[in-house]
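Take a look at the letters that make up each chain.
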Amino acid sequence: AGIVLAAAVMVVTQQDFHAARNAYDTDEFLAKGEDESAIRLASMAVDRLSPQRVLINLFRLASTQTIAAERLAARAADRDRRGRESETPNPRLSVMVAEDLGAMEALCKDASHTLKTLVSSSPGFINHGQLEYRINSLLARAAAWRNEPDAAAAYMKNAGAALERE
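Thresholds, definitions, all that
Residues numbered from 1 in each chain as written. Predicted model: local features only at pLDDT ≥ 70, side-chain atom pairs only at ≥ 80, totals over all residues. Heavy atoms only, no water. Helix = DSSP H or I, 4+ residues; strand = E, 2+ residues; numbered from the N terminus. Expected span 1.5 Å × (residues − 1). Buried < 20%, exposed > 50% of the residue type's maximum accessible area, 1.4 Å probe, protein only. Phe/Tyr/Trp six-rings, centres within 6.5 Å; stacked < 30°, edge-to-face > 60°. Lys NZ or Arg CZ within 6 Å of the ring centre and 35° of its normal. Salt bridge = Lys/Arg side-chain N within 4 Å of Asp/Glu carboxyl O. Core = buried A, V, L, I, M, F, W, Y, C linked by side-chain atoms within 4.5 Å. Contact = heavy atoms within 4.5 Å. Polar contact = N/O pair within 3.5 Å; in protein donor to acceptor, adjacent residues only side chain to side chain. Axes fitted to C-alpha atoms, helices over the stretch in contact; angles between N-to-C directions. Parallel < 35°, antiparallel > 145°, perpendicular 65-115°, else oblique. Left-handed = near helix turned anticlockwise from the far one by under 90°. Nonpolar A, V, L, I, M, F, W, Y, C, P; charged D, E, K, R; others polar.

Right, let's get into helix α4 (residues 91-121). Between its terminal C-alpha atoms α4 stretches 46 Å, which fits the 45 Å expected from 31 residues at 1.5 Å a residue. Among the residues of α4, L93, V97, D100, L101, M104, E105, L107, C108, A111, T114, L115 and L118 are the ones counted as buried.

The residue N127 is not glycine, and still its phi comes out positive at about 75 degrees. In this fold, N127 is placed in the loop between α4 and α5 (128-145).

Our next topic: the packing of aromatic side chains. Evaluation of the coordinates by the stated rule reveals 1 aromatic pair. Pairing F59 with F125 gives two aromatic rings, centres 5.6 Å apart and planes at 35 degrees, and the pair type is tilted. A residue pair is termed long-range when its members are at least 10 positions apart, and F59 in helix α3 (residues 51-85) and F125 in the loop between α4 and α5 qualify at 66 residues. The residue whose ring lies beneath K32 is F29, and the NZ or CZ to ring-centre distance is 4.9 Å.

Taken as a whole and judged by the stated rule, the model has 13 salt bridges. Across the pair R134 and E70 runs a salt bridge whose closest N-O atoms are separated by 2.9 Å. With R134 in helix α5 and E70 in helix α3, this residue pair connects regions lying 64 residues apart in the sequence. Residues participating in the shared-partner salt-bridge network are D78, R81, R82 and E85.

Residues M104, C108, L118 and I135 are the most contacted members of the largest nonpolar core, which totals 27 residues. For this core, the secondary structure elements donating two or more residues are α2 (35-44), α3, α4 and α5. The element that contributes the greatest number of residues to this core is α3, accounting for 10 residues. Leaving out residues up to four positions away in the same chain, C108 has contacts with A69, I135, L138 and L139.

The next point concerns the side chain of D35. Of note, D35 is situated in helix α2. There is a polar contact of 2.5 Å between the side chain of D35 and the side chain of R71. Not counting the four nearest positions on each side in its chain, D35 is found in contact with L30, A68 and R71.

All right, on to the packing of α3 against α4 then. Between α3 and α4, the shortest axis-to-axis distance is 8 Å and the interhelical angle comes to 160 degrees. In this view, α3 runs roughly antiparallel relative to α4, as classed from their interaxial angle. By crossing handedness, the relation of α3 to α4 is classed as left-handed. Partitioned by chemical class, the residues of the contact of α3 with α4 number 21 nonpolar, 6 polar and 6 charged.

Buried within α2 are the following residues: D35, S37, A38, I39, L41 and A42. Where the residues of α2 are buried, they touch α1 (2-32), α3 and α4.

Laid out in structure tokens, this is it:
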């Protein structure tokens, strides 16, 4: 029984170590601009033994998803600007802008879901309001690009409420 228990403890401890390593590697991949790998690693880092570390890594996952969404928004804005500056409109850039915006909105929704999971476990988790503000600001920008002023205003109202909660 002792050998089986020791083996089980060793396996669980090793899994916790791998999750910790994934959390560390997330920051390195974000710094390199490899957002998809960073998101994958951050999602694997959530499985920890310590409840506090689980919460921290949920925040890290939502933050990583938000950073990736912000980078997509910046890329979409750059492509949109370049498409408008050219003498003849480039339809390929317009398609790429739409793809970037769609991917950005999907990441924002994933980040929002992750953040809701975090807040349902720990309603007073520090900085969750500022992260929610960033997510809603991105969604407002996407709605403005799609020429949906009512949706953009609603997202900005939600962003303001998130800052007030923080």
